[in-house]
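A structural walkthrough
Chain residues, written in single-letter form:
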Amino acid sequence: MSDTELLPKSEPVRRLEVFTGAGRRRAWTIEQKARIVAETDAGGESVSAVARRHGLTPQQLFAWRRNARLRAADAADGIAFAPVIVEAPSPCASTARPMAGSGAPAIEIVIGAATVRVSPGADPTTLQTVLHALKAVS
């Protein structure tokens, strides 16, 4: 009989994982992450229990949940970045041209082959509708 068998045991071993070969990180697809995060929202199970079942640390699963919330918030707001190109003014023409009769310079937005000229005081809702429509067709 070995001396380890004589030691008191508080709890039996439930599961033992043996990692062989070169250790490397597991790669989770976005779909797998979304499914595991959804498990934490459904049911009454704790995040730690779901993490344990999938071989994750609770911290990793909490990070996935936080990232999912941030992505959902960004998608709901419709916030996106657009590239802006600032060109040096050409010697023969000005890039900001006054609209006819206003005297104030206009903003030109080029999306594909379309150019939208926005005068000061333009209705933001109408402009947003026009830009969404142009983005959809380009």
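Look above for the structure.
Residues numbered from 1 in each chain as written. Predicted model: local features only at pLDDT ≥ 70, side-chain atom pairs only at ≥ 80, totals over all residues. Heavy atoms only, no water.

1. Digging into the side chain of His54
Following the sequence through the fold, His54 ends up in helix H3 (residues 47-54). Here His54 falls in the buried class, since its relative accessible area comes to 19%. Among the polar contacts listed, one links the side chain of His54 to the side chain of Glu39, at a separation of 3.1 Å. Residues in contact with His54, not counting those within four places in the same chain, are Arg26, Trp28, Arg35, Ile36 and Glu39. (Helix = DSSP H or I, 4+ residues; strand = E, 2+ residues; numbered from the N terminus. Buried < 20%, exposed > 50% of the residue type's maximum accessible area, 1.4 Å probe, protein only. Polar contact = N/O pair within 3.5 Å; in protein donor to acceptor, adjacent residues only side chain to side chain. Contact = heavy atoms within 4.5 Å.)

2. Here we look at the packing of aromatic side chains
Scanning the entire structure with this criterion turns up one aromatic pair. Residues Trp28 and Trp64 carry aromatic rings whose centres are separated by 5.6 Å and whose planes lie at 70° to one another, so their mutual orientation is edge-to-face. Of this pair, Trp28 sits in the loop between helix H1 (3-6) and helix H2 (30-41) while Trp64 sits in helix H4 (residues 58-77), and the two are 36 residues apart along the sequence. The burial state of Trp28 is the same as that of Trp64; both residues are buried. (Phe/Tyr/Trp six-rings, centres within 6.5 Å; stacked < 30°, edge-to-face > 60°.)

3. With respect to the pattern of salt bridges
Scanning the model with the defined rule gives four salt bridges in all. For Glu39, the salt bridge is made with Arg35, and the minimal N-O distance between the two is 3.5 Å. With Glu39 and Arg35 both in helix H2 and four residues apart, this pair spans about one turn of that helix. Residue class for Glu39 comes out partly exposed when judged on its relative accessible area of 22%. Assessed through its relative accessible area of 45%, Arg35 is described here as partly exposed. (Salt bridge = Lys/Arg side-chain N within 4 Å of Asp/Glu carboxyl O.)

4. Observations regarding the nonpolar core
With nine residues, the main nonpolar core is built from Trp28, Ile36, Val37, Val47, Val50, Ala51, Leu56, Leu61 and Trp64. Those elements giving two or more residues to this core turn out to be H2, H3 and H4. (Core = buried A, V, L, I, M, F, W, Y, C linked by side-chain atoms within 4.5 Å.)

5. Details of the pairing of strand E2 (residues 114-118)
Bridge analysis of strand E1 (residues 107-111) against E2 gives five bridges, and the strand direction is antiparallel. Across the sheet, Ile107 pairs through a bridge with Val118, a residue of E2. Hairpin connection, E1 to E2: the antiparallel pair is bridged by two residues, and Gly112 has positive phi, about 65°. (Pairing = 2+ DSSP bridges.)

That is the geometry; function is a separate question.
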